[in-house]
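Each chain, written out:
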Amino acid sequence: MNMPLDQEKPLLQVRHLKKYYPIKKGVISRTVGYVKAVDDVSFDIYPGETMGIVGESGCGKSTTGRSLVRLEDPTAGQVLFQGKDLATVSQKEMRKLRTDLQIIFQDPYSSLNPRKRIGDLLAEPLLAHKMATKAEAEKKVNEIMEIVGLPKQYKNRYPHQFSGGQRQRIGIARALMLRPKLIICDEPVSALDVSIQAQVLNLLKDLQKSLNLTYVFIAHGLGAVKYISDRITVMYLGKVMELATTREIFEHPKHPYTEILLNAYPIPNPHERNRTQMVIEGDVPSPANPPKGCVFHTRCPFAKDICREKAPGLTGKDHLVACHFPIDEGKV
Amino acid sequence: MGELLKVDKIKTEFQTDKGPVTSVDEVSFDLKEGETICLVGESGCGKSVTSLSIMHLLDRNGSVTEGSIRFEDKDLAHASEAKMRKIRGNDISMIFQEPMTSLNPVLTIGDQLTEGIRLHMNYSRADARSYAIEMLKKVGIPRAEGIIDEYPHKLSGGMRQRVMIAMALSCKPKLLIADEPTTALDVTIQAQILKLMKKLREESNTAIILITHDLGVVAEMADKVAVMYAGQVVEETDVYTLFDNPKHPYTLGLMKSIPHITNPDDMRLNSIPGSVPSARNMPKGCRFYDRCPHAMKRCLAEKPELKPIEDKQAHSIRCFLYEEEEKNYEKKHAEKQHAEKEVSS
Amino acid sequence: MLQYIIRRILIAIPVLFGVTILNFFIINLAPGNPVDMMVNPSATPEQLAATKHALGLDQPIWVQYWNWIVQLLHGNLGFSYSTREPVTQILMAHVGPTVLLMGVSLIVGYLIAIPLGIICARKQNSWIDYLVTGFSFFGISVPHFFLGLGVIYVFASKLLWFPTGSMNTLGGDGSFIDTFNHLVLPVLVLATGIGGNMVRYVRSSMLDVLGKDYLRTAKAKGLSQFLITNKHALRNSLIPIITVIGIDIPLLIGGAIVTEQVFQWPGLGLLTIQSITSRDYSTLMAINLLAACTVLFANLLTDILYAVADPRIRYD
């Protein structure tokens, strides 16, 4: 496990990141409010580690991920990659930085041009960035295809000729072509079958070790996040609820939401089926109209008056939690 | 508990331009009143097609070409469309994976809920409406009197799935087929829906065929389980035996490939290499052959049958590795029959 | 919703201004001018200049436009250069026949096309599907003048079932039956085109809806095929059709210039041709303005119909 050491410099720093989408209304399209997709999110990512981001739909995890590679322009806040603010760097510098920052999507198929052969698709970014000649690119394509476990002869095939798992391998291969430092994995295994998920997760793990990659791994499946992450950020309605090492999150969750999320997972052991389960009622509120105070108070079984009025800040040293009444060891 | 449903070696084929494609082959299982069976497997294993075959909801080019489906005293495999219409929504109902697209966007919740009630239960418009409100309350929908006049898009995914459940259970079916009912939902909502299904199952004694790929859901819900692979049942037994003593190499592989939150920290996932063979070119012998760590020569050429093995509980497996156990079962079974015969004579 | 309608109407005003400016200048770019058409060919240049001056045609074009727009804002569309009648009066006389012809054609076209489209989708790839689809391609691709002349030849000249043109028999009583007889052939031509187009949209839209999950839900409830098609599928499949209807509505006014010409139907289409040949700028401008208004109105109506048909759409 790659624990962040104090003297180590973070690869990526996220500072008070906000992404608001305006809601327009009326005769002259006045902005009457905002969907606060990401609302004041901060964290650091250290070289070589995997930061997992988990949460239910609408929690802002994908928007956060997309903001990290500037597929979204943040409303406020900073994303610093090796100390450089991605929002303010020049076009030219951004293009250079893009080779270090890559993203893998849930459905790689929709981002693959259906009329191009896989070999050409993979070579494309290298040639576009003028980082290689045609021959070099071809060599590199062979190399990367081998790394991700795709037979070389598949180079001449088109995207539709691949299965879901193979397409995700192509997605990974494409992200690797430019030798990035950081890869954002946005729900990379959610659309895959169980047995294929394990293949892709293992591949990502092995690649991290051999190529010294840093990952941000976004998923709603806690199992996959636990398997691959060193640290985990739990998000709810655009805000960070808890951030700690994977072991801490799973063994000593401090936020009631984390506890409930862990508890909601069905356990693949029928002998456990009669355990007492904490099921919270209600839906995730709309991010256009988040609750006042702590955003989780509407569903929190422990909510008190202060939770309805004042939003808790994210506090703690290594184990950060945003809760007025964090769960402590003795209590539970 | 009486026998409710018996699916016996059905084969479902789809007619395509390139000839017939077999999507489900030799699938058998049975179900008693009030019992829950889980069909578990990956996409393309035929679990959904099996359930659609029972309901006659296959696309126009698909049909059950072999085997039989007995529901109570009716033969569903050869039932006419008119007969099926009386059964659907009444004796057997169904909920689907995508609550977002399973409700008609231009009709109100009430419209969609009452049409089945009026059709099968002959309620008047007013009675159907008050009964529908009662059903919505039963599945935990707040403000049911108001929600009934809303359109589906006003509801969240979890609420829509509750509406689907209310709709499916309103005519008091004997069998509910739930096709991945929680897959599209968030995990806290999934927990709500599973809890609701358990509660309603207890109240109504409805038998359930639950289709899922999630072994966690299986462990929560099932009485018995049929593991499916490439259009066939490869292992069938009760839920405790399946998790305590899984036998088929595919079941074993599946269990070890799931990243679960209760796994130890440094456990490496055991991935099953390769992918599911396509329905167009199924292997002649065992369909798991090229992904199986125990594959033998005969697996390539010979087709294993789903056979009961000697175990504490009823347990059937489609694999040559367990021939010994199969023989033991046969021997014991024959002895038992013999003994019974002697007693009766 | 009301707010939305108000906003749309407010946006429509500058659009209309833009349209009138463009039209005015484009018309004036055309060679020739009304005076050449109205005065005696043997008139002297002085006489021509005098007439021009009297009509204000010697002024700079932007002044002419200014005069026209000021009059328009007073509700005055001016006088026809060729007949000297008020343009409003001329328009009124021609709008009725066009709306009648196009209205009947649209209704007939839709009434035939929508059920046929549904049948085609329900029985995709059957002989009836192939037949109807083939016929719809014919309807879309055959030029109106050609089809018009064809039906005149067959049904009017040879079989003598219907009159060859115009709206009423000259010197006739102008009765409903008489008008009906005159309507049949042009409606046949127009409805073929409108219906042929519509069948394709209904078919593909219905095919799309028939594959939706909620229809499987409806079937799983035990509903009959009739209810599934006509209650659950039809309303959904009509939503995209609204766009096609929205595009068709302006035809009510813009009419079928060619068809009206072929059948000598005294509508706006015929008036347009006459105004162009006589360089009757003021009438042309009025027709264009009316057409622009209709298009904008049809667009607004389309959006409103969307919200009526699809509860998910709300304009606010």
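Note that the structure is predicted; figures quoted are calculated from it, not measured. (Residues numbered from 1 in each chain as written. Chains lettered and ligands numbered in written order. Predicted model: local features only at pLDDT ≥ 70, side-chain atom pairs only at ≥ 80, totals over all residues.)

## A look at the overall build of chain B
Looking only at helices and strands, chain B has 13 helices and 12 strands in total. Taken over C-alpha atoms, the radius of gyration comes to 22 Å for chain B, in line with the 20 Å a tight globule of 345 residues would show. Structurally, chain B occupies a C-alpha span of about 65 × 60 × 45 Å along its principal axes. Long-range pairs, those at least 24 residues apart, make up 63% of the contacts in chain B between residues at least 6 apart in sequence. (Helix = DSSP H or I, 4+ residues; strand = E, 2+ residues; numbered from the N terminus. Rg over C-alpha atoms; globule rule 2.2 N^0.38 Å. Contact = placed C-beta atoms within 7 Å.)

## Some thoughts on the overall build of chain C
Scanning chain C from N- to C-terminus turns up 14 helices and zero strands. Secondary structure of chain C in N-to-C order comes out as α-α-α-α-α-α-α-α-α-α-α-α-α-α. Across its three principal axes, chain C shows a C-alpha extent of roughly 85 × 60 × 35 Å. Counting only residues that meet the buried cut, chain C has 30% of its 316 residues in that class. For chain C, long-range pairs separated by at least 24 residues make up 71% of all intrachain contacts whose partners lie at least 6 apart in sequence. (Buried ≥ 20, exposed ≤ 12 C-beta atoms within 10 Å, placed from the backbone.)

## A word on the interface of chain C and chain B
Interfaces are often described in size by the accessible area the parts lose on coming together. With 19 residues of chain C at the contact, the number on the chain B side is 23 residues. The set of elements that each furnish at least two residues to the side of chain C that touches chain B consists of α9 (213-220) and α10 (225-248) of chain C. Here the side of chain C that touches chain B gets seven residues from one element, more than from any other, and that element is α9 of chain C. Looking at the side of chain C that touches chain B residue by residue, the classes come out as six nonpolar, five polar and eight charged. (Nonpolar A, V, L, I, M, F, W, Y, C, P; charged D, E, K, R; others polar.)

## Side note on the sheet that holds strand β2 (residues 30-45) of chain A
Residues and elements named next belong to chain A. One open sheet accounts for four strands, arranged β2-β1-β4-β5; its pairing is antiparallel. Of all the strands in the sheet, the pair left with one neighbour each is β2 and β5 (84-85). Relative to β5, strand β4 (residues 76-81) is paired through two bridges, and the arrangement is antiparallel. By the bridge assignment for β5, leucine 80 is matched with aspartate 85. (Pairing = 2+ DSSP bridges.)

## What about the interface of chain B and chain A?
With 36 residues of chain B at the contact, the number on the chain A side is 36 residues. For the side of chain B that touches chain A, the secondary structure elements donating two or more residues are α8 (187-204), α9 (215-221), α10 (239-244) and α11 (249-256) of chain B. The biggest single contributor to the side of chain B that touches chain A is α8 of chain B, with seven residues. When grouped by side-chain class, the residues that make up the side of chain B that touches chain A number 15 nonpolar, 15 polar and six charged.

## Concerning the UniProt feature "transmembrane region" (unreviewed entry) in chain C
Residue and element names in this part refer to chain C. As annotated in UniProt, the feature "transmembrane region" (unreviewed entry) corresponds to residues 9-30, 99-119, 131-156, 183-202, 238-258 and 285-309 in the numbering used here. What you have in residues 99-119 is 100% helix and 0% strand, and the ends, taken at the C-alpha atoms, are 30 Å apart. Taken end to end, residues 183-202 has its terminal C-alpha atoms 26 Å apart, with 100% of it in helix and 0% in strand. (UniProt positions renumbered as here; feature names shortened; annotations may be inferred.)

## Structural notes on the pairing of strand β6 (residues 101-104) of chain A
Residues and elements named next belong to chain A. Along β6, one buried face is formed by Leu101 and Ile103 and the opposite face, lined by Gln102 and Ile104, is buried too. Summarising the sheet, β6 and strand β7 (residues 182-186) pair through four bridges and their orientation is parallel. Bridging from a neighbouring strand, isoleucine 103 pairs with isoleucine 184 of β7.

## Quick word on the domain arrangement of chain C
Parsing chain C into structural domains produces domain 1 (19-73) and domain 2 (98-309). Here the C-alpha centre of domain 2 of chain C lies 38 Å away from the C-alpha centre of domain 1 of chain C. (Domains from an automatic or database assignment.)

## Here's the deal with helix α13 (residues 323-344) of chain B
Along its 22 residues, α13 of chain B runs 31 Å from first to last C-alpha, staying within 8% of the 32 Å computed at 1.5 Å per residue. In terms of burial, α13 of chain B is largely open, as just zero of its 22 residues are buried. (Expected span 1.5 Å × (residues − 1).)

## Here we look at the packing of helix α5 (residues 87-122) of chain C against helix α13 (residues 268-277) of chain C
For any two helices packed against each other, the geometry comes down to the angle between their axes and how far apart the axes lie. Residues and elements named next belong to chain C. Taken N-terminus to C-terminus, the directions of α5 and α13 make an angle of 135 degrees; their axes are 8 Å apart at the nearest point. Between α5 and α13, the crossing angle belongs to the class labelled oblique. Note on element contacts: α13 touches α5 through Leu268, Gly269 and Leu271, opposite Ile90, His94, Val95 and Thr98. Among the residues making up the contact of α5 with α13, the classes are represented as four nonpolar, three polar and no charged. (Axes fitted to C-alpha atoms, helices over the stretch in contact; angles between N-to-C directions. Parallel < 35°, antiparallel > 145°, perpendicular 65-115°, else oblique.)

## Description of unusual backbone geometry
All names here are of chain B. In the Ramachandran plot, asparagine 122 falls in the positive-phi region, its phi being about 55 degrees despite a non-glycine side chain. Tracing the backbone through its elements, the reader meets asparagine 122 in the loop between α4 (109-121) and α5 (125-138). One non-glycine residue, glutamate 180, adopts positive backbone phi at about 45 degrees. Judged by the 20 C-beta atoms lying within 10 Å of it, glutamate 180 is buried.

## Overview of the sheet that holds strand β2 (residues 19-32) of chain B
Residues and elements named next belong to chain B. Within the open sheet, the four strands sit side by side as β2-β1-β4-β5. Their pairing is antiparallel. A single partner strand is all that each edge strand has here, and the edge strands are β2 and β5 (74-75). Across eight bridges, strand β1 (residues 3-16) lies against strand β4 (residues 62-71) in antiparallel orientation. Across the sheet, lysine 6 pairs through a bridge with arginine 70, a residue of β4.

## Focus: the nonpolar core
By size, the foremost hydrophobic cluster in this structure holds 183 residues, and its most contacted members are Ala173 and Val216 of chain A together with Val218 and Val225 of chain B. When residues in this core are grouped by element, the largest group, eight residues, is from helix α7 (residues 157-169) of chain B. Setting aside chain neighbours within four positions, we find valine 216 of chain A in contact with Ile45, Met51, Ile53, Gly65, Leu68, Ile184 and Cys185 of chain A. Listed in part, the 48 residues of the second largest apolar core include Ile90, Ala121, Leu147 and Val187 of chain C. (Core = buried A, V, L, I, M, F, W, Y, C linked by C-beta atoms within 7 Å.)

## Here we look at the packing of helix α1 (residues 2-29) of chain C against helix α4 (residues 61-73) of chain C
Residues and elements named next belong to chain C. Between α1 and α4, whose axes approach to 11 Å, the crossing angle comes to 130 degrees. Considered as vectors, α1 and α4 are oriented oblique to each other. Judged by the twist between their axes, the crossing of α1 over α4 is right-handed. For the pair α1 and α4, the contacting residues are Thr20, Ile21, Phe24, Phe25 and Asn28 in the first and Ile61, Tyr65, Trp68 and Ile69 in the second. (Left-handed = near helix turned anticlockwise from the far one by under 90°.)

## Focus on the domain arrangement of chain B
Residue and element names in this part refer to chain B. Taken domain by domain, chain B consists of domain 1 (3-229) and domain 2 (232-344). Just the C-alpha atoms count here: the centres of domain 1 and domain 2 sit 28 Å apart. Residue-level contacts link 22 residues of domain 1 with 21 residues of domain 2. Of all the secondary-structure elements, those providing two or more residues to the side of domain 1 that touches domain 2 are β2, α9 and β9 (224-229). At eight residues, the largest contribution of residues to the side of domain 1 that touches domain 2 is made by β2. Taken together, the residues of the side of domain 1 that touches domain 2 sort by class into 13 nonpolar, four polar and five charged.

## Considering the confidence of the model for chain C
Residue and element names in this part refer to chain C. Chain-level statistics for chain C give a pLDDT mean of 82 and a share of 94% at 70 or above. Taken element by element, chain C is modelled with least confidence in helix α2 (residues 34-38), mean pLDDT 68, and with most confidence in α9, mean pLDDT 91. Reported confidence for the predicted complex is 0.86 by ipTM and 0.84 by pTM. (pLDDT = per-residue confidence, 0-100.)

## Some remarks on the environment of proline 99 of chain B
All names here are of chain B. Summarising the element assignment, proline 99 is placed in helix α3 (residues 99-102). Owing to 27 C-beta atoms within 10 Å, proline 99 belongs among the buried residues under this scheme. A sequence separation of 61 residues divides proline 99 from arginine 160, and the C-alpha atoms of the two residues are 5.5 Å apart. Look past the residues within four positions of proline 99 in its chain and what remains in contact with it is Gly157, Arg160, Gln161, Met164 and Ala184.

## Description of helix α4 (residues 134-147) of chain A
Residues and elements named next belong to chain A. Over its 14 residues, α4 runs 20 Å from end to end, which matches the ideal 20 Å to within 8%, given 1.5 Å per residue. Within the span of α4, buried status applies to Ala137, Val141, Ile144 and Met145. For α4, the buried positions fall inside an angular range of 100 degrees around the axis, keeping them on one side. Of the exposed residues in α4, the ones pointing more than 90 degrees away from its buried face are Ala135 and Glu146. (Arc of directions from axis to C-beta.)

## Brief notes about the environment of valine 139 of chain B
Within the secondary structure layout, valine 139 of chain B lies in the loop between α5 and α6 (144-147). Taking C-alpha positions, valine 139 of chain B is 45 Å from glutamate 326 of chain B, a pair spaced 187 residues apart along the chain.

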